[in-house]
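The lines below spell out each chain.
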Amino acid sequence: MSLLSQKHLLGIQDITTQDIQLIFETAKQFKEVINRPIKKVPSLRDITIANLFFENSTRTRISFELAEKRLSADVINFSAASSSTKKGETLIDTVNNILAMKVDMIVMRHPNPGAHQLLAKHIDAQIVNAGDGTHEHPTQALLDAFSMQEKLGDLRGKKVLICGDIKHSRVALSNIFCLQKLGAKVRVCGPPTLIPKFIENLGVEVSYDIKESLQWCDVANVLRIQLERQDIKYIPSLREYSMAFGLNKQLLDSLKKEIVIMHPGPMNRGVEIDSDVADSKHAIILQQVENGVAIRMAVLYLLAGKKE
Ligand code: CP
């Protein structure tokens, strides 16, 4: 069985370009499987996976659960709201208690950046990061890059714009690492208050001009404003943000070319993206969601192969 270079998938920063290519090759095969009438293979029949979600999720949680079931794994779901973490138990104790019930792998979303790195030092099971605060969301970046590659071919030299709330976005950081490993040029664009200081040290371009940036890029990955992570106001209002940085049909029609539109979800229609853009033939937003299942099947399958 082919294996990744890492025991866990904690972030894109930790994995190699070869790992990413192997995940994509494996995902292509699983995409073919999930489009068959019988969408299931027995690959992880002897594996039990716990999905631990300490933060809200629609796409990622359902996508992981489906990926696990398509691979014939046994699945348990845990949500923080109804768990004993509310009674003061530590994360490490909670996870070690779950592992004591003969669980093999952990998929976890947690609001604290670095929670997965901490856990990896204290448990034996493989861990997949399903999003840690404002830090990384590796499977989202993998499915985004896989979807771009399906649409545009080899990403070397392709120009990718990530626009919106870069400061609070784990999707932005994981996308930057993934796209650069695949040879793409990356630019970020948004209000100055939502672009982290020194982000150009990561090798990305920075622009505050959305129209010029859209003209520059081959693909625009549009991010929402993460109001739940903002303790102070970074923008005057959503209405003003939408007027200055929102993608609408008039703005796209004014470009001298066609670009691919992506969004990781959840979308705030009428804020960062208008419906006539989100639902247009240029948008591949639902293809991203479809590819998420195949990418997560590939990640789980390859990590399970690493098990001693
Ligand atoms: N893209 C993403 O992570 O969506 P959810 O928060 O719904 O999982």
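First things first, this report covers the structure right here in the doc.

Calculation criteria
- Residues numbered from 1 in each chain as written.
- Predicted model: local features only at pLDDT ≥ 70, side-chain atom pairs only at ≥ 80, totals over all residues.
- Heavy atoms only, no water.
- Helix = DSSP H or I, 4+ residues; strand = E, 2+ residues; numbered from the N terminus.
- Rg over C-alpha atoms; globule rule 2.2 N^0.38 Å.
- Buried < 20%, exposed > 50% of the residue type's maximum accessible area, 1.4 Å probe, protein only.
- Contact = heavy atoms within 4.5 Å.
- Near = heavy atom within 4 Å.
- Polar contact = N/O pair within 3.5 Å; in protein donor to acceptor, adjacent residues only side chain to side chain.
- Areas by Shrake-Rupley, 256 points an atom, 1.4 Å probe, with all protein chains shown as cover.
- Nonpolar A, V, L, I, M, F, W, Y, C, P; charged D, E, K, R; others polar.
- Domains from an automatic or database assignment.
- Phe/Tyr/Trp six-rings, centres within 6.5 Å; stacked < 30°, edge-to-face > 60°.
- Lys NZ or Arg CZ within 6 Å of the ring centre and 35° of its normal.
- Pairing = 2+ DSSP bridges.
- Axes fitted to C-alpha atoms, helices over the stretch in contact; angles between N-to-C directions.

## Structural notes on the overall build of the chain
Move 1: Each helix and strand in the chain was counted, giving 11 helices and 9 strands.
Move 2: By the compact-globule yardstick of 19 Å for 308 residues, the chain fits well, its C-alpha radius of gyration being 19 Å.
Move 3: Considering only C-alpha atoms, the chain reaches an extent of 55 × 45 × 35 Å along its principal axes.
Move 4: Residues classed as buried in the chain amount to 54% of the 308 residues present.
Move 5: Intrachain contacts of the chain at a sequence separation of at least 6 include 74% that bridge at least 24 residues.

## What about the site of the ligand?
Move 1: For the ligand, the full set of nearby residues is Ser57, Thr58, Arg59, Thr60, Arg109, His137, Gln140, Pro264 and Gly265.
Move 2: With respect to the ligand, the backbone of Pro264 contributes an N or O atom lying 2.9 Å from a nitrogen atom.
Move 3: Alone, the ligand offers 260 Å² of accessible surface; in the complex the protein occludes 91% of this.
Move 4: Tallied by class, the residues present in the shell around the ligand amount to 1 nonpolar, 6 polar and 2 charged.
Move 5: Here the shell around the ligand spans two domains, and each of domain 1 (12-136 + 289-305) and domain 2 (138-285) adds at least three residues to it.

## Re the packing of aromatic side chains
Move 1: Following the criterion strictly, the structure yields 4 aromatic pairs and no others.
Move 2: Here Tyr241 and Phe245 contribute two aromatic rings whose centre-to-centre distance is 5.6 Å and whose plane-to-plane angle is 20°, an arrangement assigned as stacked. Separated by 4 residues within a single helix, Tyr241 and Phe245 lie in helix α8 (residues 238-245), roughly one turn from each other. The exposure classification of Tyr241 matches that of Phe245, with both residues buried.
Move 3: When the ring centre of Trp216 is taken as origin, the NZ or CZ atom of Arg187, which lies over that ring, is 4.5 Å away.
Move 4: Over the ring of Phe64 we find Arg296, and its NZ or CZ is 5.0 Å from the ring centre.

## Topic: the sheet that holds strand β6 (residues 185-189)
Move 1: Spatially, the 5 strands line up as an open sheet ordered β7-β6-β5-β8-β9, and their pairing is parallel. Edge positions in the sheet fall to β7 (205-207) and β9 (260-262), since each has one partner strand and no second. Neighbour to neighbour, the strand axes of the sheet diverge by 20° on average, direction disregarded.
Move 2: Where strand β5 (residues 159-163) meets strand β8 (residues 219-222), 4 bridges bridge the pair, whose relative direction is parallel. Within β8, the residue paired with Cys163 across the bridge is Val222.
Move 3: Relative to the sheet, helix α5 (residues 138-152) contacts β5, β8 and β9, its axis offset from that of β9 by approximately 165°.

What is shown is where atoms sit, not what they do.
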